[in-house]
Amino acid sequence: MEAVLQTKGLLSLPNKPKPRTFYPLPQGSLRHRFSSINSLKPKQPLEGLSLSSNGYQKFQVFATKPQLVGQKNKLFPVCSAAAAAADGGEQFFVENESPKFMGIEIVTLKKIIPLGAMFFCILFNYTILRDTKDVLVVTAKGSSAEIIPFLKTWVNLPMAVGFMLLYTKLANVLSKQALFYTVILPFIAFFGAFGFVLYPLSNYFHPTALADQLLNILGPRFLGPIAILRIWSFCLFYVMAELWGSVVISVLFWGFANQITTVDEAKRFYPLFGLGANVALIFSGRTVKYFSNLRQSLGPGVDGWAVSLKAMMSIVVGMGVAICFIYWWVNHNVPLPTRRKKKKEKPNLSTMESLKILASSKYIRDLATLVVAYGISINLVEVTWKSKLKAQFPSPNEYSSFMGDFSTATGIATFTMMLLSQWIFDKYGWGAAAKITPTVLLLTGVGFFSLILFGAPLAPTLAKFGMTPLLAAVYVGAMQNIFSKSAKYSLFDPCKEMAYIPLDEDTKVKGKAAIDVVCNPLGKSGGALIQQFMILSFGSLANSTPYLGGVLLVIVLAWLAAARSLDGQFTALHREEEIEKEMERASEVKIPVVSQDESGNGSLTSDVSSLNPTGGDSAGASSGPSSPRNL
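Everything quoted here is computed from the prediction, not taken from an experiment.

Chemist: Quick one: what's the story with the overall build of the protein, residue by residue and with numbers?
Modeler: Of the regular secondary structure elements, the protein holds 19 helices and six strands. By sequence separation, contacts in the protein at least 24 residues apart represent 77% of the contacts at least 6 residues apart. Counting only carbon and sulfur atoms, one obtains 62% of the accessible surface of the protein, whose full area is about 33900 Å².

What follows is the structure, given as structure tokens:
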């Protein structure tokens, strides 16, 4: 080689460089200031500098950085580029890249694939537990669907609050891994013990005689509260199954996923978790139906539901062990990303402060109405539907088999709606997407309550289709739950989160905190409280059905009105945001471009006169308000 650039033995460059013209920069310009470091280097060009045909360097260039007193001379990269090659094709510098598979880095796959498997196992268990808990408490002797509102309000809610307080205390004293195992292992142990110990022995420790005495004293309108005492172990299973959804999914899984993934990975792969969740819903629904139908192959006198329960709880335990193994493997084989410690911005608002924020903003009030209305509406219809479901399928195996079909249909509908949701947002906008969920609830709710209230006149017509009014109400109620849940997951939740985006930071943070403090609990327990009042006032859930239908109609109409109002406000705020962005882009001043005149010298374009009208020196040019120094 004719010339070699010495860089501590790291790099040698080919000879015969291609010519390149360097134009002089105007004194005081932006590029001139950044190129001032070049004054430390020799003025003559270096031999052996290889350039590509478009004038860009093929290799990484090193420049000397100004040194402090006593500091060793080091070479610092100015820019990065592709590897350089000699004339003979020999490679001199190669950038190290992470190995990839199908365009995805192996390190990323080592995180995403285990997370997807963990999410599948958690939701597979959740579907089995959700369907089983309803079968246990609704079809048990001395119980009915009237137990659910009382169970959610007086047992589930206090235990959820107590668990979160305990979780907060444990988080302060345990490591993340120890906290994960401490929380999930009791769930796995309980579900295994319930299938093989608690349920088979439930007749020995359930206070059936005491419950019968209380029912005779207080009357049938207190059937729900007394049933909680009568079948307390089934109610405990119900609460643990509910907590599996809120604790293991929301707290453990998503907390772990946010811990090991970067923002770019989350944007790319988190939506796929939602699609995978519905695949788990489909498979677990088929599993529930399969084991629920085992009774047909069993001999007489065998408790088919007990056999099915043991099989399903065995699967739950197996999936739980798999979750723990995946968590252990990821922590021991996947490098975790480093993150800066950031102060939490979400304020801890009291209930009164949250109410003040809700009262001060119409936008936040409309958004809160959406959240509360959904929670109340879905509870009003769901409990009434489950009471009719028990009347149609009184056997636990028949009830569980139907719930397996229900979960499979919900998964398919949600999967389809998620694929269509992007098209709905693009073609019809936010307002139409926000109105789909209440419209679905309204139409299916009217059909459901009409079949319950006016089923007798419709009986001859339904008989032609081989259905009774009760069976038709069960199917319509199932359609209502399937379509409303799929619309909620694919449209309602994205619309709700999207509505926060155009707000200013203060309103966005405080408004979301207020809705979390007041509206989420009110939406979840509001429907249960209304049903409790109706049951205690009218004696039973069946007697209160007409009034529940009227309450549902009022709530859904208020929901649609709030969605329409919020659509106008959201569109206006979004338009203002777009106008502000256009104004910011229009007010930007372009950096002057160096052009070449006929003599081959570099000169500024005609825009320079507007930047430096006085034609002064560089100091005067740089001091103006439109100079590159102030950009």
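Following the structure, the description resumes.
Chemist: Outline the environment of Lys110, listing residues and values.
Modeler: Summarising the element assignment, Lys110 is placed in helix H2 (residues 106–139). With relative accessibility at 31%, the residue Lys110 sits in the partly exposed group. Beyond its immediate stretch of four places on either side in the chain, Lys110 contacts Trp329, Asn333 and Val334.

Chemist: Kindly report on the packing of aromatic side chains, identifying the contributing residues and their values.
Modeler: Applying the stated rule across the entire model yields 34 aromatic pairs. With a centroid separation of 5.3 Å and 40° between ring planes, the pair formed by Trp385 and Phe406 is classed as tilted. Separated by 21 residues along the polypeptide, Trp385 in helix H12 (residues 362–392) and Phe406 in helix H13 (residues 396–453) bring together distant segments of the chain. Judged by relative accessible area, Trp385 falls into the buried class, the value being 0%.

Chemist: For the pattern of salt bridges, give the residues involved together with the corresponding values.
Modeler: Counted according to the given criterion, the structure contains nine salt bridges. Asp134 is the partner of Lys133 in a salt bridge, and the nearest nitrogen-oxygen pair spans 3.3 Å. The closest approach of N and O atoms between Lys386 and Glu382, which form a salt bridge, is 3.6 Å. Taken together, the positions of Lys386 and Glu382, both in helix H12 and four residues apart, correspond to about one turn of that helix. Note on accessibility: Lys386 and Glu382 belong to one class, buried. Among the charged side chains, a network of salt bridges with common partners joins Lys133, Asp134, Glu242, Glu382, Lys386 and Lys485.

Chemist: Kindly report on the packing of helix H4 (residues 176–198) against helix H8 (residues 232–260), identifying the contributing residues and their values.
Modeler: Where H4 meets H8, the closest approach of the two axes is 10 Å, and the angle between their N-to-C directions is 150°. Relative to H8, H4 is oriented roughly antiparallel. Handedness of the crossing formed by H4 with H8: left-handed. Each of Lys176, Phe180, Val183, Ile184, Phe187, Phe190, Phe191 and Phe194 in H4 lies in contact with H8, whose residues at this interface are Ser233, Phe234, Leu236, Phe237, Met240, Ala241, Leu243, Trp244, Val247, Val248, Leu252 and Gln259. For the contact of H4 with H8, the residue count by class is 17 nonpolar, two polar and one charged.

Chemist: Please give an account of the side chain of Ser540 that cites residues and values.
Modeler: Structurally, Ser540 is set in the loop between helix H16 (505–538) and helix H17 (545–587). Discounting residues that sit within four places of it in the chain, Ser540 has contacts with Glu146 and Ile535.

Chemist: Please give an account of H4 that cites residues and values.
Modeler: With 23 residues, H4 should reach 33 Å at 1.5 Å per residue; the first-to-last C-alpha distance of 31 Å fits that figure. Listing the buried residues of H4 in full gives Leu179, Phe180, Val183, Ile184, Phe187, Ile188, Phe190, Phe191, Gly192, Phe194 and Gly195.

Chemist: If you had to explain the environment of Ala368 to someone new, which residues and values would you point to?
Modeler: Mapped onto the elements, Ala368 comes out in helix H12. Sequence separation of Ala368 and Lys496 is 128 residues, and the distance between their C-alpha atoms is 9.5 Å.

Chemist: Let's hear about the packing of helix H3 (residues 147–173) against H8: which residues, and what values?
Modeler: In a packed pair of helices, the relevant descriptors are the angle between the two axes and the axis-to-axis distance. Across the interface, H3 lies against H8 with an axial gap of 10 Å and an inter-helix angle of 45°. In this view, H3 runs oblique relative to H8, as classed from their interaxial angle. As for how H3 packs across H8, the hand of that crossing is right-handed. Side by side, H3 and H8 meet where Ile147, Ile148, Leu151, Lys152, Val155, Asn156, Met159, Ala160, Phe163, Met164 and Tyr167 of the first sit next to Cys235, Leu236, Tyr238, Val239, Glu242, Leu243, Val247, Val251 and Leu252 of the second. For the contact of H3 with H8, the residue count by class is 17 nonpolar, one polar and two charged.

Chemist: How would you explain the side chain of Thr437 if you had to name every residue and give the values?
Modeler: Mapped onto the secondary structure, Thr437 falls in helix H13. For Thr437, a relative accessible area of 0% translates into the label buried. Discounting residues that sit within four places of it in the chain, Thr437 has contacts with Tyr374, Ser484, Ala487, Lys488, Leu491, Phe492 and Trp559.

Chemist: Run through H8, naming residues and quoting values.
Modeler: The terminal C-alpha atoms of H8, which comprises 29 residues, lie 40 Å apart, in line with the 42 Å expected from a rise of 1.5 Å per residue. Its axis deflected by about 30° at Val248, H8 carries its strongest bend there.

Chemist: Give a detailed account of the nonpolar core, specifying residues and quantitative values.
Modeler: Grouped together as the largest cluster of nonpolar side chains are 129 residues, with contacts concentrated most on Ile184, Phe187, Phe191, Trp244, Met313 and Trp385. A per-element tally of this core places H8 first, with 17 residues. Setting aside anything within four residues of it in sequence, one finds Phe187 in contact with Phe163, Met240, Leu243, Trp244, Val247 and Val248.

Chemist: Provide a residue-level description of the confidence of the model for the protein, including the pertinent values.
Modeler: Low pLDDT marks stretches whose predicted atomic positions should not be read closely. With 68% of its residues at a pLDDT of 70 or more, the protein shows a mean pLDDT of 74. Across the protein, the element-wise mean pLDDT spans from 40 in helix H19 (residues 618–623) up to 94 in H4. Between residues 339–346, whose pLDDT stays under 50, and residues either more than four places distant or in other chains, the model counts nine contacts.

Parameters at a glance
- The numbers attached to residues start from 1 for each chain and follow its sequence in the written order.
- Predicted model: local features are reported for residues with pLDDT of at least 70 only, side-chain atom pairs are reported and counted for 80 or more only, and whole-chain, interface and lining totals are derived from all residues.
- Each side-chain value is derived from all of the structure's non-hydrogen atoms; neither hydrogens nor water enter the calculation.
- Helix numbering and strand numbering both begin at the N terminus, where a helix is a DSSP run of H or I of at least 4 residues and a strand a DSSP run of E of at least 2.
- Contacts: residue pairs with any heavy atoms within 4.5 Å of one another.
- Reported accessibility uses the Shrake-Rupley method at a 1.4 Å probe radius. Residues are deemed covered only where the shown protein chains occlude them.
- We call a residue buried when its accessible area falls under 20% of the maximum for its residue type, exposed when it is over 50%, and partly exposed in between, using a 1.4 Å probe and counting protein chains only.
- Here is the rule: rings of Phe, Tyr and Trp (six-membered ring for Trp) pair when centre to centre is within 6.5 Å. Planes less than 30 degrees apart are stacked, more than 60 are edge-to-face, and the remainder are tilted.
- In the sections that follow, a salt bridge refers to a side-chain nitrogen of Lys or Arg positioned within 4 Å of a carboxyl oxygen of Asp or Glu.
- Helix axes use the C-alpha atoms of the stretch in contact, all axes being lines fitted to C-alpha atoms, and the angles between their N-to-C directions lie in the range 0 to 180 degrees.
- When describing relative orientation, an angle under 35 degrees is termed roughly parallel and one over 145 degrees roughly antiparallel, while 65 to 115 degrees is termed roughly perpendicular and anything else oblique.
- For any pair of crossing helices, the crossing counts as left-handed if the nearer helix is rotated counterclockwise from the farther one by less than a right angle, and right-handed if it is rotated clockwise.
- Residues are sorted three ways: Asp, Glu, Lys and Arg are charged, Ala, Val, Leu, Ile, Met, Phe, Trp, Tyr, Cys and Pro are nonpolar, and all the rest, Gly among them, are polar.
- What a helix should span is 1.5 Å times the count of its residues minus one.
- By definition, a residue's bend is the angle between the axes fitted to the seven residues ending there and the seven starting there.
- Among the buried residues, those of types Ala, Val, Leu, Ile, Met, Phe, Trp, Tyr and Cys that are joined through side-chain atoms within 4.5 Å form a nonpolar core.
- Scored from 0 to 100, pLDDT records how confident the predictor is in each individual residue.

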